[in-house]
Structures are given as structure tokens and as C-alpha cells.
2 protein chains.
Amino acid sequence: MSLAAARLDTTFAALADPTRRAIIVRLAQGPASVGELAQPFAMSQPAISRHLKVLETAGLISGGKDAQRRPRRLEAQPLAEATAFLEAFRAFWETRFTELDQVLEDLKAQTNEGDVP
Amino acid sequence: MSLAAARLDTTFAALADPTRRAIIVRLAQGPASVGELAQPFAMSQPAISRHLKVLETAGLISGGKDAQRRPRRLEAQPLAEATAFLEAFRAFWETRFTELDQVLEDLKAQTNEGDVP
DNA sequence: CAAATCCATAACCAGATCATTACATAATGA
DNA sequence: TCATTATGTAATGATCTGGTTATGGATTTG
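Predicted model only: the values in this text are computed from it and were never measured.

### Quick notes on the overall build of chain A
For chain A, the helix and strand inventory stands at six helices and two strands. Tracing chain A from N to C terminus, the helices and strands come up as α-α-α-α-β-β-α-α. Computed over the C-alpha atoms, the radius of gyration of chain A is 22 Å, more than 25% above the 13 Å expected from 2.2 N^0.38 for a compact globule of 117 residues. Dimensions along the principal axes, computed over C-alpha positions, put chain A at roughly 75 × 35 × 20 Å. In chain A, of all internal contacts separated by at least 6 residues, the share reaching a separation of at least 24 is 50%. For chain A, the exposed area adds up to about 6900 Å²; of that, 55% sits on carbon and sulfur atoms. For chain A, the separation between the mean place of its 14 positive charges and that of its 15 negative charges on side chains is 18 Å.

### Here we look at the protein's contact with DNA strand D
In the neighbourhood of DNA strand D, 22 residues make up the surrounding shell, with Ser-44, Arg-50 and His-51 of chain A together with Ser-49 and Arg-72 of chain B lying closest. Restricting attention to atoms of DNA strand D within 4 Å of the protein, one finds that 64% of them are sugar or phosphate atoms. Within the contact set of DNA strand D, a phosphate oxygen lies 3.0 Å away from a side-chain nitrogen or oxygen of Arg-20 of chain A. At 2.7 Å from a phosphate oxygen of DNA strand D is found a side-chain nitrogen or oxygen belonging to Arg-72 of chain B. For the surface near DNA strand D, the elements supplying multiple residues, two or more each, are helix 4 (45-57) of chain A together with helix 3 (34-38) and helix 4 (45-57) of chain B. Here the surface near DNA strand D is composed, by residue class, of six nonpolar, eight polar and eight charged.

### Topic: the interface of chain A and chain B
Counting from both sides, the interface comprises 32 residues of chain A and, opposite them, 32 residues of chain B. Carbon and sulfur atoms make up 74% of the area that chain A and chain B hide from each other, which totals about 2800 Å². Inspection of the region where chain A meets chain B yields four salt bridges. The salt bridge partner of Arg-21 of chain B is Asp-9 of chain A, with a shortest N-O separation of 2.7 Å. Taken together, the connections running from chain A to chain B amount to four residue pairs in polar contact (both at pLDDT 80 or more).

### Thoughts on the relation of the copies chain A and chain B
Least-squares fitting of chain A to chain B yields an RMSD of 0.0 Å, with the transformation described by 0.0 Å of translation along the axis and a rotation of 180°. Those values place the two copies in the arrangement expected of a two-fold rotation axis. Mapped onto chain B, 100% of the interface residues of chain A are again interface residues, and the two copies thus contact each other with one and the same surface.

### Details of the environment of Pro-31 of chain B
All names here are of chain B. Checked against the element boundaries, Pro-31 lands in the loop between helix 2 (18-27) and helix 3. It is 15 Å that separates the C-alpha atoms of Pro-31 and Ser-49, two residues lying 18 residues apart in sequence. The contacts of Pro-31, once residues within four sequence positions are left out, are Arg-26, Arg-72 and Arg-73.

### Let's talk about the packing of aromatic side chains
Tallied over the full model, the rule gives seven aromatic pairs over all chains. Three or more aromatic residues link up through ring pairs in this structure, and these residues are Phe-12, Phe-85 and Phe-89 of chain A together with Phe-12, Phe-85 and Phe-89 of chain B.

### Comments concerning the protein's contact with DNA strand C
Residues in contact with DNA strand C amount to 21 residues; listed here are only the nearest, Gly-35, Ser-49 and Arg-72 of chain A together with Arg-50 and His-51 of chain B. Near the protein, meaning within 4 Å, the atoms of DNA strand C are sugar or phosphate in a fraction of 62%, with bases accounting for the rest. In the model, a phosphate oxygen of DNA strand C is placed 2.6 Å from a nitrogen or oxygen of the Arg-72 of chain A side chain. Elements with a contribution of two residues or more to the surface near DNA strand C: helix 3 (34-38) and helix 4 of chain A together with helix 4 of chain B. Residue composition of the surface near DNA strand C, by class: six nonpolar, eight polar and seven charged.

### Focus on unusual backbone geometry
All names here are of chain A. Within the chain, Ala-67 stands out as a residue other than glycine whose phi angle is a positive 55°. Here Ala-67 is to be found in the loop between strand 1 (61-63) and strand 2 (72-74). Take Ala-67: its relative accessible area is 57%, and that puts it in the exposed class.

### Looking at helix 4 of chain A
Three- or four-residue spacings in an α-helix give side chains the same orientation, since the helix completes a turn every 3.6 residues. Residues and elements named next belong to chain A. For helix 4, built from 13 residues, the straight-helix expectation of 18 Å at 1.5 Å per residue is met to within 8% by its first-to-last C-alpha distance of 18 Å. Residues of helix 4 that are buried include every one of Ile-48, His-51, Leu-52 and Leu-55, and no others. All buried residues of helix 4 lie within an arc of 100° about the axis, which places them on one face of the element. Of the exposed residues in helix 4, those oriented more than 90 degrees away from the buried face are Arg-50, Lys-53 and Thr-57. Downstream of helix 4 by one or two residues, Gly-59 has phi in the positive range, about 80°.

So, how was this worked out
Residues numbered from 1 in each chain as written. Chains lettered and ligands numbered in written order. Predicted model: local features only at pLDDT ≥ 70, side-chain atom pairs only at ≥ 80, totals over all residues. Heavy atoms only, no water. Helix = DSSP H or I, 4+ residues; strand = E, 2+ residues; numbered from the N terminus. Rg over C-alpha atoms; globule rule 2.2 N^0.38 Å. Contact = heavy atoms within 4.5 Å. Areas by Shrake-Rupley, 256 points an atom, 1.4 Å probe, with all protein chains shown as cover. Lys, Arg positive; Asp, Glu negative; His and termini not counted. Charge placed at Lys NZ, Arg CZ, Asp CG, Glu CD. Near = heavy atom within 4 Å. Polar contact = N/O pair within 3.5 Å; in protein donor to acceptor, adjacent residues only side chain to side chain. Nonpolar A, V, L, I, M, F, W, Y, C, P; charged D, E, K, R; others polar. Buried area = accessible area lost by both parts, 1.4 Å probe. Salt bridge = Lys/Arg side-chain N within 4 Å of Asp/Glu carboxyl O. Least-squares fit on C-alpha atoms with pLDDT ≥ 70 in both. Phe/Tyr/Trp six-rings, centres within 6.5 Å; stacked < 30°, edge-to-face > 60°. Buried < 20%, exposed > 50% of the residue type's maximum accessible area, 1.4 Å probe, protein only. Expected span 1.5 Å × (residues − 1). Arc of directions from axis to C-beta.

This is how it looks when you write it as C-alpha cells:
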């Protein structure tokens with residue numbers, strides 16, 4: 001498997017958890033400490049620390065140091081790569097949606113076939 | 001957790017495997033039978049069938065019927081939703097890359113400081 | 001210095017994941 | 001009908017995941 005593919009593995013795996021996605025969304029607005037990141041969740045602090053570890057291993061976040069705090073910041077590269085992978089399918093699904101629209105229109109036209117004008 | 005979030009869970013989890021991503025890439029070019037999908041991989045047929053089950057459970061593919069074949073086709077909706085999630089971060093990482101470019105430029109300018117003109 | 005704050009790590013457990021082999025079933029065709 | 005083709009399902013086992021509690025280290029503050 002290529003290196004880029006291995007990176008997509010860990011990136012998508014990291015994105016597959018709702019807690020981690022919420023953390024990412026939060027970090028998109030700026031760095032935050034572990035405590036701040038943990039606050040919205042009904043979950044122990046070690047659980048959050050482990051989610052952060054997963055995100056860090058995936059390269060999605062990086063950590064700084066500020067007194068006792070260990071503020072995390074979001075990293076751009078893996079998100080950009082995952083987006084690029086999915087963007088490659090845009091042509092595919094836009095076509096599909098257009099086809100579906102057509103089907104629905106045809107269906108509607110057919111339903112109205114016997115209507116008075 | 002919202003329904004949309006649950007869907008992103010299974011979609012991203014499905015995308016976290018290289019075999020499944022390759023299957024998706026293949027199916028973007030049109031439907032294919034299980035045998036055709038299995039052919040590129042050094043893996044047993046049941047293993048492929050299970051990957052297909054994962055993809056189907058995630059709603060990423062659907063199955064048809066043609067004699068003994070069970071051709072699969074790619075579905076648009078989950079891919080579109082995952083793309084939409086990641087697109088929301090585009091502004092973030094494009095800004096980050098611009099900042100990085102700036103850092104690199106500054107670094108270069110600084111390196112050339114003592115150069116003769 | 002002692003207490004409190006912030007966070008990481010270890011040990012543990014239940015359940016999910018991903019592969020294997022062996023077998024079953026459905027459709028085709030000689 | 002019988003062999004072949006195409007595919008799904010079951011049983012099994014190793015590893016990964018995601019949570020918990022317990023504990024320890026570093027830093028700030030009283």
C-alpha cells in the first residue's frame with residue numbers, strides 16, 4: 001500500500017468517530033486545551049486524551065505547551081488529502097443526482113398524463 | 001447523536017480501508033460483479049464479500065441481480081455527505097497553506113538578506 | 001512547602017474488525 | 001440431471017477500539 005493510502009486509512013478512521021469529529025470542528029475555530037475540548041462530552045478525561053492521541057497519530061492535530069495546558073491545534077494536510085480523495089467522486093455523484101432529478105421529473109410528468117389542461 | 005452523524009460514522013469507517021476505497025474507485029466507473037471486484041486483490045472471495053457488506057451497510061453501494069451475478073453499483077448520497085463535511089474545512093486549510101507559504105517566503109527572503117544584488 | 005490543577009499513562013474489559021477455511025445455495029448449461 | 005460458476009454464510013481466531021478506574025508527573029498557587 002502506498003504511503004498516501006496509509007495516511008488516508010488513519011485519517012478516515014479518525015474521522016469515523018463522532019467525538020473526534022466534534023473535536024475537529026471545535027479546533028477549526030482555533031487551538032484549545034484538553035479541558036476545553038473535553039467539556040462538551042459526557043466522558044472521562046482519559047477517554048478524551050485517547051481520542052486526541054488517535055487524532056495526533058493521524059496527523060490531524062498537533063500539540064503545544066502552555067504552563068500545565070497542552071493546547072491542540074488542527075493540522076491542514078490530512079484534511080486536505082481526504083478532501084481531495086472525495087472530490088474525485090464529485091463528477092460521479094453530481095451526475096447521479098442529475099439522473100435522479102430526471103427520473104423524478106419523468107415520474108411527475110407521467111402522473112399528470114391524464115390531467116385536464 | 002444525529003442521524004446524519006451516525007451516517008458519517010459508517011461512511012468514514014467504510015472509507016478507512018484501502019481495499020474498500022479501491023472497490024469504490026472501481027465502481028465509480030460503473031457496476032461490477034463480485035468476481036470482477038475481487039480480481040485485483042490477493043484476498044479470498046469471502047473477504048471481498050464482507051467488504052462489500054460493509055460498504056452496503058454504509059449505503060455506499062447497492063446490489064443488483066444478473067443470473068448468478070450480484071453486480072454492485074456505487075451510491076451517491078453518502079459520498080456527497082462525507083464530501084460536504086470535509087468541504088466545510090476548506091476555508092480553514094486553505095488559510096493554513098497560505099500562512100505556510102508566507103512563512104516559507106519570509107524564510108527565503110531572510111536567507112538572501114546578505115546576498116549581493 | 002503543600003494543595004490544587006491539568007493532563008498522560010497503565011491496566012482492564014467488552015465488543016468490533018478483518019482475515020481465514022469450510023460449506024451452502026442459486027443459476028447456467030452440457 | 002449433473003457439473004460448473006458465482007456468490008453468500010458460518011465458525012474461528014488475532015488484533016483493534018473505545019470506554020472505565022487508578023495513578024503519577026508537571027506546574028501553578030496559597
